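Tertiary structure, described
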Amino acid sequence: MILRRGRARAAEAAPDGADGGTATATDPGTAGATPGSGTPGSGIDPRDGDGSPPHFGEGPADVLLQRLELTVRRRLDGLLQGDHLGLVPGSGTEAGDSRTYHPGDDVRRMDWPVTARTQVPHVRETIADRELETWAVVDLSASLDFGTGLCDKRDLAIAGLAAVSHLTVRGGNRLGAVVTTGERVDRYPAQPGRLAADRLLRAVVATPRASTGRRGDLAAALETLRRPPRRRGLVVVVSDFLGSDAGQTADWERPLRGLGTRHELLAIEVVDPRELELPDVGLLTVRDPESGQTLEVPTGDPEFRARYAAGAAEQRRAIAAGLRRAGAGHLQLRTDRDWLMDVVRFVADRRRAGSGGASR
């Protein structure tokens, strides 16, 4: 039996009955929900401090986005105060001075004329642009409508976009987005200012969920940023980066590499723990939301769980390798972890590295 890792819409569930009967996938409207959730429509959630973003299906988007903005500013601004270079995940595109090469520097920034003159490897430093144009490609395909941790993957993807917005939209910087669900592609022009960014976030939250049986098309969304070419800037891709089928070359890698030749790249990978390993809950019925295929998964079989975990780990290694080949910084956000602390660690590491290349 083959289970496409990361695509099955299943949540951790208890077996039916004492004999370890069949456990079925949870209802999509309750996946990731836990007892004690806030009252729908209030924007209030008593689970303060668990590191989860708001559940955008539980209340007015304006209220929840305002709450998210306050959380981001409270937990990020105090830790990441600094100049433009420090806040933007990348070092800009304006040429600066040369310096000697150090192991770990981005080889694409080699200054070959100075290296030839001095016979010592040099790299060309870059300075941050005064105005940054950031484009976000947000994948809201059916595989994101799933979550067994503190939130759904869709909520975490929107929270990642909000964090990028709060860290980059200042000083005249512009933010635009391409949102894909597999059924539709929505494009929002890059505009400056906090009000424009807030309108964009509200529009992304209001994006209808994709129908079951429709595959996402991240590659096509990436191509919309390649043609026609846009001014150099920062491209942020928020997705689970799952390809068309396990074992095949990811269809998003080629357009992503094309974008990397012109822009700084940041890839935000959204992951749920059940995409990495399965619990022992007996016979579990799972459904692939992007194909509609239903499978009976024998999670009580230790050998099957081990094969699943090994295949899932290999899939994630392949995704990480593809992002490295594209020259993208790689930030992984998980639904069972404090996502803001992951953002803090990533940006702090990028500031220390100072190279603006892919994370190593």
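The written sequence of each chain sets the order in which its residues are numbered from 1. This being a predicted model, a pLDDT of at least 70 is required before a residue's local features are given, and a value of 80 or more before pairs of side-chain atoms are given or counted; all residues contribute to the totals for chains, interfaces and linings. Note: side-chain values were computed over all heavy atoms of the structure, leaving out hydrogens and water.

1. Things to note about the overall build of the protein chain
When helices and strands are tallied, the protein chain shows nine helices and eleven strands. With a 1.4 Å probe rolled over the protein chains alone, any residue whose accessible area is under 20% of its type maximum counts as buried; one over 50% counts as exposed, and the rest are partly exposed. The buried share of the protein chain, taken over its 360 residues, is 53%. Carbon and sulfur atoms provide 52% of the accessible area of the protein chain, an area that totals close to 16000 Å². A run of DSSP states H or I qualifies as a helix once it reaches four residues; a run of E qualifies as a strand once it reaches two. Both are numbered from the N-terminal end. Using a 1.4 Å probe, accessible areas were evaluated by the Shrake-Rupley method; residue-level cover was limited to the displayed protein chains.

2. A look at the nonpolar core
In a soluble, globular protein the nonpolar side chains are often hidden away together inside. What makes a nonpolar core is a set of buried Ala, Val, Leu, Ile, Met, Phe, Trp, Tyr and Cys residues whose side-chain atoms join them at distances within 4.5 Å. One finds I268, W339 and V343 to be the most contacted residues of the largest nonpolar core, which totals 44 residues. Here, residues are in contact when the closest pair of their heavy atoms is within 4.5 Å. Non-local contacts of I268, meaning those with residues more than four positions away in its chain, are made with G160, V164, V236, V237, V238, S239, F241, L331 and L333.

3. Observations regarding the side chain of E275
By secondary structure assignment, the location of E275 is in the loop between strand 8 (264-271) and strand 9 (283-287). Each polar contact in these results corresponds to two N or O atoms within 3.5 Å; when the atoms are within protein, one needs to be able to donate a hydrogen and the other to accept it, and residues that are neighboring in sequence are counted only if both atoms are side-chain atoms. Of note is the side chain of E275, whose polar atom sits 3.2 Å from the side chain of R316.

4. A word on the pattern of salt bridges
Put simply, a salt bridge is a Lys or Arg side-chain nitrogen that is within 4 Å of an Asp or Glu carboxyl oxygen. Counted by the stated rule, this structure contains 21 salt bridges. For E269, the salt bridge identified is with R316, shortest N-O distance 2.6 Å. Taken together, the positions of E269 in strand 8 and R316 in helix 8 (residues 302-325) put the pair 47 residues apart, joining distant regions of the chain. We classify R316 as buried; its relative accessible area is 9%. A salt bridge links R317 to E314; the nearest nitrogen and oxygen atoms lie 3.0 Å apart. Note that R317 and E314 are positioned in helix 8 at a spacing of three residues, about one turn of the helix. Overlapping salt bridges, with partners in common, bring together K153, D240, E269, E275 and R316 in one network.

5. Details of helix 7 (residues 253-260)
Looking only at helix 7, the buried set comprises E253, P255, L256, L259 and G260. Summarising the axial view, the buried residues of helix 7 lie within an arc of 165°, below the 170-degree limit, and thus occupy one face. The arc in question is the one traced by the directions running from the helix axis out to the C-beta atoms.

6. A short note on unusual backbone geometry
A positive phi angle, near 60°, is found at Q119, a position not held by glycine. Positionally, Q119 belongs in the loop between helix 3 (112-118) and strand 3 (122-127).

7. Re the packing of aromatic side chains
Side-chain rings of Phe, Tyr and Trp, where Trp is taken by its six-membered ring, are said to pair if the distance between their centres is within 6.5 Å; with planes under 30 degrees apart they count as stacked, over 60 as edge-to-face, and otherwise as tilted. Throughout the structure, instances matching the rule amount to one aromatic pair. Both rings, one in F241 and one in W252, keep their centres 5.1 Å apart while their planes meet at 70°; by these two values the pair is edge-to-face. Here F241, found in the loop between strand 7 (234-239) and helix 7, pairs with W252, found in the loop between strand 7 and helix 7; they are eleven residues apart in sequence, far enough to count as distant. In terms of burial, F241 and W252 fall into one category: buried.

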